[in-house]
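# Geometric and topological summary
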Amino acid sequence: MADEIEYEGLGNASLGINMLAGALAGISEHAVMFPVDVVKTRMQVYSTSPAAVYTGVAEAFSRISATEGGRRLWRGVASVIAGAGPAHAVYFGVYELAKELGGGNAEGNHFAVTAGAGALATIGSDALMNPFDVVKQRMQIHGSTYRTVPDTFRRIYRAEGISAFYASLPTTLLMTIPFTATQFTVYEYLKKLMNPNNSYSPITHITAGGIAGGVAAAVTTPLDVCKTMLQTRGSSQDAVLRNVNGMLQAGRIVLARDGVAGFSRGMTPRVMSALPSNALCWFSYEAFKMLLHKNNKAASAGSVL
């Protein structure tokens, strides 16, 4: 019962605890699922080389491992780890603060508050994460000559300028705001439905987090296709793709080349990645938050004594 009471009070946990728990959860999520993200990126990138065209997730994994080595599935992971910590600290810190201020921790469902808090959370998070995401995807694509994160940052900046790191930000926000709003709304609803007593329940956090992530990923895949095109344009040999400028132009290119079906490129690995990664993220976040809260209370009690 003591654990349940402590956990129920976490809606009012300090901003510092929420941010640190979010940073640890974000790093765990992105690092574990990185190979699947590599496959998703490869499947979304338009290429004139047959060697860079993949028809399925299993085939992509097999070919990348066989022709480029298993380590190739991890190239760029350092960029994600470097960016995910601070970005997720902001993400969960802003979310919990906005939800508390909006009354989202009160009894009952508060869909508008939850969705709004999620939307606010993603704006600051994406501003921090976008450059790291650009570097990550440049290192992930087939035939990439980028080897290290610092070198990739330097080369992109010298060749394309600072704007290259933010060309996809408007599209990213258009994608992640509905993604986050959907994810948080579904997660909070399922969490309350499955665990009305709001006791600490790893199974609830894993299940609700996984379902919420999968739903949000499927809904926002069309925008993710456009985002990938914008973030990898500087590495394309196609003059049209190299000069794409903005989400609408990217969308028109997808429609012209693949029709409506083109907007689902990479949906399978994206959902496959989102289900376990979001389950892991929410499980880690809730667990780290409770652990940090306990340690903070113990330290406070010790200092008083």
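Conventions and cut-offs
- Residues numbered from 1 in each chain as written.
- Predicted model: local features only at pLDDT ≥ 70, side-chain atom pairs only at ≥ 80, totals over all residues.
- Heavy atoms only, no water.
- Axes fitted to C-alpha atoms, helices over the stretch in contact; angles between N-to-C directions.
- Helix = DSSP H or I, 4+ residues; strand = E, 2+ residues; numbered from the N terminus.
- Parallel < 35°, antiparallel > 145°, perpendicular 65-115°, else oblique.
- Left-handed = near helix turned anticlockwise from the far one by under 90°.
- Contact = heavy atoms within 4.5 Å.
- Nonpolar A, V, L, I, M, F, W, Y, C, P; charged D, E, K, R; others polar.
- Core = buried A, V, L, I, M, F, W, Y, C linked by side-chain atoms within 4.5 Å.
- Buried < 20%, exposed > 50% of the residue type's maximum accessible area, 1.4 Å probe, protein only.
- Salt bridge = Lys/Arg side-chain N within 4 Å of Asp/Glu carboxyl O.
- 1 Å grid on protein atoms, 1.4 Å probe; cavity = no way out; pocket = protein on both sides within 12 Å on 5 of 7 lines; lining within 4 Å.
- Points joined across faces, edges and corners; volume = space filled by probe spheres on them.
- UniProt positions renumbered as here; feature names shortened; annotations may be inferred.
- Polar contact = N/O pair within 3.5 Å; in protein donor to acceptor, adjacent residues only side chain to side chain.
- Phe/Tyr/Trp six-rings, centres within 6.5 Å; stacked < 30°, edge-to-face > 60°.
- Lys NZ or Arg CZ within 6 Å of the ring centre and 35° of its normal.

### Some points on the packing of helix 5 (residues 77–101) against helix 8 (residues 169–194)
Interhelical geometry of helix 5 versus helix 8 gives an angle of 60° and a closest axis separation of 13 Å. As judged from the angle between their axes, helix 5 and helix 8 are oblique. Relative to helix 8, the crossing made by helix 5 is right-handed. Together, Tyr91, Phe92, Tyr95 and Lys99 of helix 5 and Thr180, Gln183, Phe184 and Glu188 of helix 8 make up the contact between the two elements. Looking at the contact of helix 5 with helix 8 residue by residue, the classes come out as four nonpolar, two polar and two charged.

### Quick notes on the nonpolar core
Tyr91, Phe92, Tyr95, Phe184, Tyr187, Trp282 and Tyr285 are the most contacted members of the largest nonpolar core, which totals 16 residues. In terms of residue count, helix 5 provides more of this core than any other element does, four residues in total. Apart from residues lying up to four places away in sequence, Tyr91 is in contact with Ala121, Thr122, Ser125, Thr180, Gln183 and Phe184.

### Details of the pattern of salt bridges
Side chains that differ in sign of charge can pair as their charged atoms come close. Applying the stated criterion across every chain, the model contains 18 salt bridges. As a salt-bridge pair, Glu59 and Arg63 come within 2.7 Å of each other at their nearest N and O atoms. With Glu59 and Arg63 both in helix 4 (residues 57–68) and four residues apart, the pair spans about one turn of that helix. Its relative accessible area of 22% is what places Arg63 among the partly exposed residues. Two residues, Arg72 and Glu68, come together in a salt bridge whose shortest N-O distance is 3.3 Å. Among the charged side chains, a salt-bridge network with shared partners connects Asp37, Lys40, Asp133, Lys136, Asp224, Lys227 and Arg270.

### Focus on the layout of surface pockets
Using a probe with the size of a water molecule, rolled over the atoms, empty space left in the structure can be pinpointed. Approximately 660 Å³ is the volume attributed to the largest pocket. The wall of the largest pocket is formed by 32 residues, among which Val45, Tyr46, Ser47, Ser235 and Ser236 lie closest to the centre. The element that contributes the greatest number of residues to the lining of the largest pocket is helix 3 (residues 34–44), accounting for three residues. Of the residues contributing to the lining of the largest pocket, the split by class is ten nonpolar, 15 polar and seven charged.

### Let's talk about the UniProt feature "repeat: Solcar" (unreviewed entry) in the protein
Taking the numbering used here, the UniProt-annotated feature "repeat: Solcar" (unreviewed entry) corresponds to residues 13–101, 109–193 and 200–291. Across residues 109–193 one finds 79% helix and 0% strand; the C-alpha atoms that close the span lie 10 Å apart. Annotated as 77% helix and 0% strand, the span residues 200–291 places its first and last C-alpha atoms 11 Å apart.

### Comments concerning the side chain of Lys40
Here Lys40 lies in helix 3. A distance of 3.0 Å separates a polar atom in the side chain of Lys40 from a polar atom in the side chain of Asp224. Residues contacting Lys40, with those up to four places away along its chain left out, are Gln137, Asp224, Thr228, Gly266, Pro269 and Arg270.

### Quick word on the packing of aromatic side chains
For the coordinates displayed, the defined rule picks out 13 aromatic pairs. Taken together, a centroid distance of 5.5 Å and an interplanar angle of 35° make the contact between Tyr91 and Phe184 tilted. Separated by 93 residues along the polypeptide, Tyr91 in helix 5 and Phe184 in helix 8 bring together distant segments of the chain. Residue classification places Phe184 among the buried residues on the basis of a relative accessible area of 0%. One aromatic cluster in this structure is built from Tyr91, Phe92, Tyr95, Phe184, Tyr187, Trp282 and Tyr285. Geometry around Tyr46 places Arg257 over its ring, the cationic atom sitting 6.0 Å from the centre. In this structure, Arg265 packs its charged tip against the face of Tyr46, placed 3.9 Å from the ring centre.

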